[in-house]
Amino acid sequence: MPSAPWLVRTFAAYTFPMAVSATALYKAAGVLARYPDAAEHARQIAFMAVVEMFVATLIVGYVCLRYIMHYACGFSAFYAGLRFPSRPQRGSVTLP
């Protein structure tokens, strides 16, 4: 693929942990809600879960958009014939 300055592949590593931790916060809030003494904590954790799910949705959407842009650029260059440089002739030696 051509070099894409707008695509940061390491940013994609944040998508899975954020989605999993938001789900865990939702479940923890549900467990805490069963106990009357922990009702306030359950509401706080549920609020944090909503915020984290919103942030996770934004990050996942951003990463998906950037991957689509990256591959769309690569495919358009491929179909335009700009994908691969000319190949060396058979038997020729290329020095670094």
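See the structure shown above.
Residues numbered from 1 in each chain as written. Predicted model: local features only at pLDDT ≥ 70, side-chain atom pairs only at ≥ 80, totals over all residues. Heavy atoms only, no water.

**Looking at the overall build of the protein chain**
Along the protein chain, the regular secondary structure elements total 2 helices and 0 strands. Considering the protein chain as a whole, with its 96 residues, one finds that 19% of them fall into the buried category. Taking as baseline every contact in the protein chain between residues at least 6 positions apart, the subset at least 24 positions apart corresponds to 71%. Carbon and sulfur atoms make up 69% of the accessible area of the protein chain, which amounts to about 7,700 Å² in all. (Helix = DSSP H or I, 4+ residues; strand = E, 2+ residues; numbered from the N terminus. Buried < 20%, exposed > 50% of the residue type's maximum accessible area, 1.4 Å probe, protein only. Contact = heavy atoms within 4.5 Å. Areas by Shrake-Rupley, 256 points an atom, 1.4 Å probe, with all protein chains shown as cover.)

**Remarks on a nonpolar patch on the surface**
Taken together, the side chains of F47, M48, V51, F54, V55 and L58 define a hydrophobic patch exposed on the protein surface, amounting to about 590 Å² of accessible area. Following the sequence through the fold, M48 ends up in helix 2 (residues 39–79). For M48, a relative accessible area of 45% translates into the label partly exposed. (Patch = residues over 30% accessible without salt bridge, like charges linked within 9 Å, V, L, I, M, F, W, Y side chains within 5 Å. Salt bridge = Lys/Arg side-chain N within 4 Å of Asp/Glu carboxyl O.)

**Some details on the environment of F47**
Mapping F47 onto the fold places it in helix 2. On the basis of relative accessibility, which here comes to 56%, the residue F47 falls in the exposed class. Considering only alpha carbons, one finds F47 and A29, 18 residues apart in sequence, at a separation of 9.1 Å.

**Structural notes on the environment of V55**
Inspection of the secondary structure puts V55 in helix 2. With 36 residues separating them along the chain, V55 and A19 place their C-alpha atoms 9.3 Å apart.

**Some points on the side chain of E52**
One can find E52 in helix 2. Among buried charged residues, E52 stands out as having no salt bridge; its nearest opposite-charge side chain is K27, 15 Å away. Those residues in contact with E52 that lie beyond four places of it in its chain are M18, S21, A22 and L25. (Lys, Arg positive; Asp, Glu negative; His and termini not counted.)

**Overview of the environment of A46**
On the secondary structure map, A46 appears in helix 2. Remark: the alpha-carbon pair of A46 and A29, spanning 17 residues in sequence, is separated by 5.4 Å.

**Some details on helix 1 (residues 15–32)**
Over its 18 residues, helix 1 extends 26 Å from the first C-alpha to the last, a length consistent with the 26 Å expected when each residue adds 1.5 Å. What helix 1 keeps buried is the set T15, M18, A22 and A29. Down the axis of helix 1, the sector holding all buried residues measures 75°, keeping them to one side. Exposed and oriented more than 90 degrees from the buried face of helix 1 are F16 and K27. (Expected span 1.5 Å × (residues − 1). Arc of directions from axis to C-beta.)

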